[in-house]
Amino acid sequence: MKEKITKIFDSIDEISKENKSQKVQVIAVSKKKPCSEIIKANKLGIENFGENYLQESLEKIKNLKNEKIIWHFIGKIQSNKCKDIAENFAWVHTLDRLKIAVKLNKYVPVGKKLKILIQVNLDDDVNKGGIKREEVVSFKQEVQKLSNLDFNGIMIMPSVNADDGELKFIYEEAWKLAKEISEPSEKKCELSMGMTRDFKIAVEAGSSMVRIGTGIFGERE
Ligand SMILES: *Cc1c(COP(=O)(O)O)cnc(C)c1O
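Remember, predicted model here, so these are calculated numbers, not experimental data. (Residues numbered from 1 in each chain as written. Predicted model: local features only at pLDDT ≥ 70, side-chain atom pairs only at ≥ 80, totals over all residues. Heavy atoms only, no water.)

A look at the environment of Ile 12
The following threshold applies: Helix numbers and strand numbers start at the N terminus; a helix is a DSSP run of H or I with at least 4 residues, a strand a run of E with at least 2. Throughout this description, buried means an accessible area under 20% of the type-specific maximum (1.4 Å probe, protein chains only), exposed means over 50%, and partly exposed covers the range between. Residue contacts follow a heavy-atom distance rule, with two residues in contact if any of their heavy atoms lie within 4.5 Å.
Looking at where Ile 12 falls in the secondary structure, it is placed in helix 1 (residues 2–16). On the basis of relative accessible area, Ile 12 is assigned to the buried category, the value being 4%. In this view, Ile 12 contacts Val 24, Val 26, Phe 199, Val 203 and Val 210; residues no more than four positions away in its chain are not counted.

In structure tokens form, the structure reads like this:
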């Protein structure tokens, strides 16, 4: 694992050194992987972990509560899971419905702000989540009215069938969109994009958060 992680960090450094203001965080996607693997990655310097399946993740978060880990929810959000997500995660990458935003906001514990990325669907793939590009600005404004949510940027999950050329196009469009919606007075708009197969393309296009599972932990069952 150490070698895998070092290689990922080296590639990211190599690509992003051209662009001095680019900081790229690695989110280790630990779905279907046991706590022992998470601890191993954590000891190798990874602080951010992404989980997709709530039941599985709650168990891990409980068991690992004494570790220095920042948890990111990157799965599909069901309405009846909002309370657990709001209470247990620091970040949510997959917000794409106002009803869910309202519910998350309601359950954020006192004194906490839940960091939010809006999932945007840039390739109009009907099989996956995400709001349309033209809806992003108004949706963001609605999210910003909810005082326990802290809007931080957008997340992109391209179609599994996209080839390298299409991925490059989508990720560059995402970067333009992020730039468009981050007014100068506001803090930087995070851009969560890139997975094991395409994180280099994503970082070249300006990603600030890559979500890497198999590249760190190996194949999933
Ligand atoms: C599983 C998953 C990843 C990681 O995928 P790998 O190909 O294993 O790197 C990233 N993002 C989301 C939303 C995922 O569901």
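Now that the structure is up, let's keep going.
Quick look at the site of the ligand
Heads up, the condition is: Proximity is defined per residue: if any heavy atom of the residue lies within 4 Å of a molecule or strand, that residue is considered near it. Polar contacts here mean pairs of N or O atoms no more than 3.5 Å apart (in protein, one a potential hydrogen donor and the other a potential acceptor; neighbouring residues in sequence count only if both atoms are side-chain atoms). To measure how exposed things are, a 1.4 Å probe is used in the Shrake-Rupley method; for residues, cover is taken only from the protein chains shown. Residue type decides the class: Asp, Glu, Lys and Arg count as charged, Ala, Val, Leu, Ile, Met, Phe, Trp, Tyr, Cys and Pro as nonpolar, and the leftover types, Gly among them, as polar.
Inspection of the region around the ligand gives 13 residues, with Lys 31, Asn 52, Thr 196, Gly 213 and Arg 220 positioned closest. A distance of 2.7 Å separates an oxygen atom of the ligand from a polar side-chain atom of Asn 52. Contact between the ligand and Thr 196: an oxygen atom at 2.4 Å from a side-chain N or O atom of the residue. Look at the ligand: alone it shows 390 Å² of surface, and the protein chains cover 90% of it. Looking at the shell around the ligand residue by residue, the classes come out as six nonpolar, four polar and three charged.

Some points on the pattern of salt bridges
Using the following cut-off: Between Lys or Arg on one side and Asp or Glu on the other, a salt bridge is scored when a side-chain nitrogen of the former is within 4 Å of a carboxyl oxygen of the latter.
Tallied over the full model, the rule gives 13 salt bridges. Between Glu 37 and Lys 40 there is a salt bridge, with the nearest N and O atoms lying 3.3 Å from each other. Of the two residues, Glu 37 and Lys 40 are both situated in helix 2 (residues 35–43); the distance of three residues between them amounts to about one turn of the helix. For Lys 40, a relative accessible area of 43% translates into the label partly exposed.

Here's the deal with the packing of aromatic side chains
Keep this limit in mind: Each pair of aromatic rings taken from Phe, Tyr and Trp, with Trp reduced to its six-membered ring, is defined by centres within 6.5 Å and is described as stacked if the planes are under 30 degrees apart, edge-to-face if over 60, and tilted in the remaining cases.
Within this structure, the stated rule accounts for two aromatic pairs. Ring centres of Phe 49 and Trp 71 lie 6.1 Å apart, and the angle between their planes is 45 degrees; on these two criteria the pair is classed as tilted. Of this pair, Phe 49 sits in strand 2 (residues 48–51) while Trp 71 is found in strand 3 (residues 70–73), placing the two residues 22 residues apart along the sequence. Under the relative-accessibility criterion, Phe 49 is labelled buried at 0%. Trp 71 gets classed as buried once you look at its relative accessible area, which sits at 6%. Relative to Phe 89, the ring of Phe 73 has its centre 5.2 Å away and its plane inclined at 80 degrees; by these criteria the two rings are edge-to-face. On the criterion of sequence distance, the pair formed by Phe 73 in strand 3 and Phe 89 in the loop between helix 4 (82–88) and strand 4 (91–95) is long-range, its members being 16 residues apart.

Structural notes on helix 7 (residues 164–181)
In an α-helix there are 3.6 residues to a turn, and that puts residues three or four apart on one side. Cut-off, in case you're wondering: To estimate the expected span of a helix, subtract one from its residue number and multiply by 1.5 Å. As used here, the arc belongs to the directions running from the helix axis to the C-beta atoms.
Relative to the 26 Å expected for 18 residues at 1.5 Å per residue, helix 7 spans 26 Å between its end C-alpha atoms, a close match to the ideal helical length. Those residues of helix 7 lying buried are Leu 167, Ile 170, Tyr 171, Glu 173, Ala 174, Leu 177, Ala 178 and Ile 181. Seen end-on, helix 7 carries its buried residues on one side only, within an arc spanning 160 degrees. Of the exposed residues in helix 7, those oriented more than 90 degrees away from the buried face are Asp 164, Phe 169, Lys 179 and Glu 180.

Describing the side chain of Glu 173
Tracing the backbone shows Glu 173 in helix 7. Taking relative accessible area as the criterion, Glu 173 reaches 19% and is therefore assigned buried. Beyond its immediate sequence surroundings of up to four residues, Glu 173 is in contact with Leu 122 and Arg 133.

Remarks on helix 2
The complete set of buried residues in helix 2 reads Cys 35, Glu 37, Ile 38, Ala 41 and Asn 42. One face of helix 2 carries all of its buried residues, which in axial projection span an arc of 160 degrees. Elements that come into contact with the buried residues of helix 2 comprise helix 1, strand 2, helix 3 (54–63), strand 3 and helix 9 (214–217). Once helix 2 ends, the next one or two residues include Gly 45, with phi positive near 105 degrees.

Examining the environment of Glu 67
Here Glu 67 lies in the loop between helix 3 and strand 3. Along the chain, Glu 67 and Val 92 lie 25 residues apart, while their C-alpha atoms are 20 Å from each other.

Points about the environment of Gln 141
One can find Gln 141 in helix 6 (residues 136–144). Taking C-alpha positions, Gln 141 is 9.3 Å from Phe 151, a pair spaced 10 residues apart along the chain.

Scope: geometric values only; no functional claims are made or implied.
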